[in-house]
Protein chains: 2
Amino acid sequence: MPSDRSNRPDISQRILEAATRLFARHGFVGASLRDIAKAVGIRKPSLLYHFPSKDELRRGVLDQMLAHWNDVVPKILRAATAGPEQFDAIGAEILRFFRDDPDRGRLLLRELLDRPDELAPLLALRVQPWAKIVCDYIRKGQEHGRIQPDVDPEAYVIQVINLVLCGFATHGSIRSLVAGGSDDVEAGERLLTEMMRVAKASLFLPSAIAVPTRGATGTDAN
Amino acid sequence: MPSDRSNRPDISQRILEAATRLFARHGFVGASLRDIAKAVGIRKPSLLYHFPSKDELRRGVLDQMLAHWNDVVPKILRAATAGPEQFDAIGAEILRFFRDDPDRGRLLLRELLDRPDELAPLLALRVQPWAKIVCDYIRKGQEHGRIQPDVDPEAYVIQVINLVLCGFATHGSIRSLVAGGSDDVEAGERLLTEMMRVAKASLFLPSAIAVPTRGATGTDAN
DNA sequence: GCGGGTCTCTACCACTCGGTAGACGGGGCG
DNA sequence: CGCCCCGTCTACCGAGTGGTAGAGACCCGC
């Protein structure tokens, strides 16, 4: 009877999308299967036919998001092994991932708050290798005097993760706090720009960030 | 009958403490009144006698935390209006607030995710004035050539908030991601140190941060 | 036509939720 | 003593939860 259901782009996929949105918005316990099913346009038992339990659905949502993340990792690795000034490229790829769907940040942050022990192994699988690359890059930059010598690579990576995760998750809710006057999209752009600036200015030596051609070494402690 | 209940440090206060912990750990919907009551050692109706509804309890928890925050604000303002090198003092006060009870960060972050519209006015009241002081301080530092000219003060403050909130909220869950080898408390210290370093290095000009007297060792050796 | 999947549905289950009614007990006070 | 208030309790409520049973509708190969 419902003809509009004929143009279905895979029901399971539509369920995953609705679940992603509602889990990110209201949390895992706060989003009911009925609500998710309603968002898709079906009833709850139909949903449970595709995902036999709510927990299975949650796993599906996480799997899909981390699979998407897996698509961007190669780009990051390629950028990181290409040239010296790949920071912007890496940052752009990461930002794009979260900007494509801000629910990703919210979802990750919620999982980090709610079920850290279950998320940890997944992250270890998905971001550990990438983080290692970045750490190596930082250490090499430190040897070459391009990166500030007092950067703690592992800890720095975590700070950037915090910056990005929290930045996207609270996007729009916290930015009205201080940014006051400006409209939404402009305020969002200012926050993203500053996010990148903070990450960059706390990593590179100013001589490396300001003038690419100049070879003068500024502060050389060791 | 229960003699251990005679040494009660105000039942309402004990309820608030248990609720703070459970809300922060499992979220507002994830923590049931029964669980909170059990943590206090009473039954649910007794809890509802002191806080007539769950939402009232939530408001009480938030009020108490923001009241505690109110205790640190004067210290921050005093530090901010005292001398030029007050950054460390401000940072120390903020860090102490969250370190005293890591549940505060988790709770704030959860509220930011779950009920941003309700938290916004509270934050506007509690952190807006403080943030304004910091922004003024940044602008003055920019005029005096002590702070990097491309810092966006309002956006920078939000980045630092993100850094601190997410840093404490995911403390211990995300740090195992990269820090790998080191034990828990040492890893935590490394993260805090790096958090401060990132905030500082992305704010001050290196000339202001590195050398008060040329040739001496770094000032930020903590 | 017919049997078997695939998929959705209605109706129901046990359970937990936040919240209420009302009884019980104790302490202070007249 | 009687009275009252305070605080806690057991028992219960309606609503909503995740999940199940089982009936139907559709489609496809036989």
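### Digging into helix α5 (residues 87-100) of chain A
Look at α5(A): 20 Å from first C-alpha to last across 14 residues, which is about the 20 Å you get at 1.5 Å a residue. All of the buried residues along α5(A) are Phe87(A), Ile90(A), Gly91(A), Glu93(A), Ile94(A), Leu95(A), Phe97(A) and Phe98(A).

### Topic: the environment of Val127(B)
Residue and element names in this part refer to chain B. Tracing the backbone shows Val 127 in the loop between α7 (116-126) and α8 (128-143). Relative accessible area serves as the criterion here: at 9%, Val 127 is assigned to the buried category. Through-space distance from the C-alpha of Val 127 to that of Trp 69 is 8.9 Å; in sequence the pair is 58 residues apart.

### Brief notes about the protein's contact with DNA strand D
Lys44(A), Lys54(A), Arg43(B), Ser46(B) and His50(B) are the nearest of the 17 residues found near DNA strand D. For DNA strand D, a phosphate oxygen lies 3.0 Å from a polar atom in the backbone of Leu33(A). At the level of secondary structure, the elements contributing two or more residues to the surface near DNA strand D comprise α2 (33-40) and α3 (44-50) of chain A together with α3 (44-50) of chain B. Here the surface near DNA strand D takes four residues from α3(B), the largest share from any one element.

### With respect to the side chain of Thr170(B)
The topology assignment puts Thr170(B) in the loop between α9 (153-169) and α10 (175-178). Among the polar contacts made by the side chain of Thr170(B), one reaches the main-chain carbonyl oxygen of Cys166(B) at a distance of 2.8 Å.

### Section: the packing of aromatic side chains
All names here are of chain A. In the structure shown here, the tally under the stated rule is 11 aromatic pairs over all chains. Between Phe 23 and Phe 28, the ring centres sit 5.2 Å apart and the planes meet at 55 degrees, which makes this aromatic pair tilted. Overall, Phe 23 belongs to the buried group, its relative accessible area being 3%. Three or more aromatic residues joined by ring pairs make a cluster, and in this case those are Trp 69, Phe 97, Phe 98, Trp 130 and Phe 168. Here the guanidinium or amino end of Arg 115 rests over the ring plane of Phe 28, the centre of that ring lying 4.8 Å away.

### Quick notes on the relation of the copies chain A and chain B
The two copies are related by a screw motion: chain A maps onto chain B through a turn of 180 degrees and a shift of 0.0 Å along the axis, at an RMSD of 0.1 Å. On this basis, the relationship between the two copies can be described by a two-fold rotation axis. Residue by residue, 100% of the interface of chain A is reproduced at the interface of chain B, so both copies engage with the same surface.

### What about the interface of chain A and chain B?
How big an interface is tends to be stated in terms of accessible area lost as the parts join. Taken together, the 47 residues of chain A in the interface contact 48 residues of chain B. Viewed at the interface, chain B and chain A are joined by six salt bridges. Of the charged contacts in the structure, one is a salt bridge between Glu154(B) and Arg190(A), with a shortest N-O distance of 3.2 Å. Along the contact surface separating chain A from chain B lie 16 residue pairs in polar contact (both at pLDDT 80 or more). Looking at the side of chain A that touches chain B, the elements that each hand over two or more residues are α6 (103-114), α7 (116-126), α8 (128-143), α9 (153-169), α10 (175-178) and α11 (184-201) of chain A. If one sorts the elements of the side of chain A that touches chain B by residue count, α9(A) sits on top with 12 residues. Grouping the amino acids of the side of chain A that touches chain B by side-chain chemistry returns 27 nonpolar, nine polar and 11 charged.

The rules behind these values
Residues numbered from 1 in each chain as written. Chains lettered and ligands numbered in written order. Predicted model: local features only at pLDDT ≥ 70, side-chain atom pairs only at ≥ 80, totals over all residues. Heavy atoms only, no water. Helix = DSSP H or I, 4+ residues; strand = E, 2+ residues; numbered from the N terminus. Expected span 1.5 Å × (residues − 1). Buried < 20%, exposed > 50% of the residue type's maximum accessible area, 1.4 Å probe, protein only. Near = heavy atom within 4 Å. Polar contact = N/O pair within 3.5 Å; in protein donor to acceptor, adjacent residues only side chain to side chain. Phe/Tyr/Trp six-rings, centres within 6.5 Å; stacked < 30°, edge-to-face > 60°. Lys NZ or Arg CZ within 6 Å of the ring centre and 35° of its normal. Least-squares fit on C-alpha atoms with pLDDT ≥ 70 in both. Contact = heavy atoms within 4.5 Å. Salt bridge = Lys/Arg side-chain N within 4 Å of Asp/Glu carboxyl O. Nonpolar A, V, L, I, M, F, W, Y, C, P; charged D, E, K, R; others polar.

As far as function goes, none of this settles anything; it's purely spatial.
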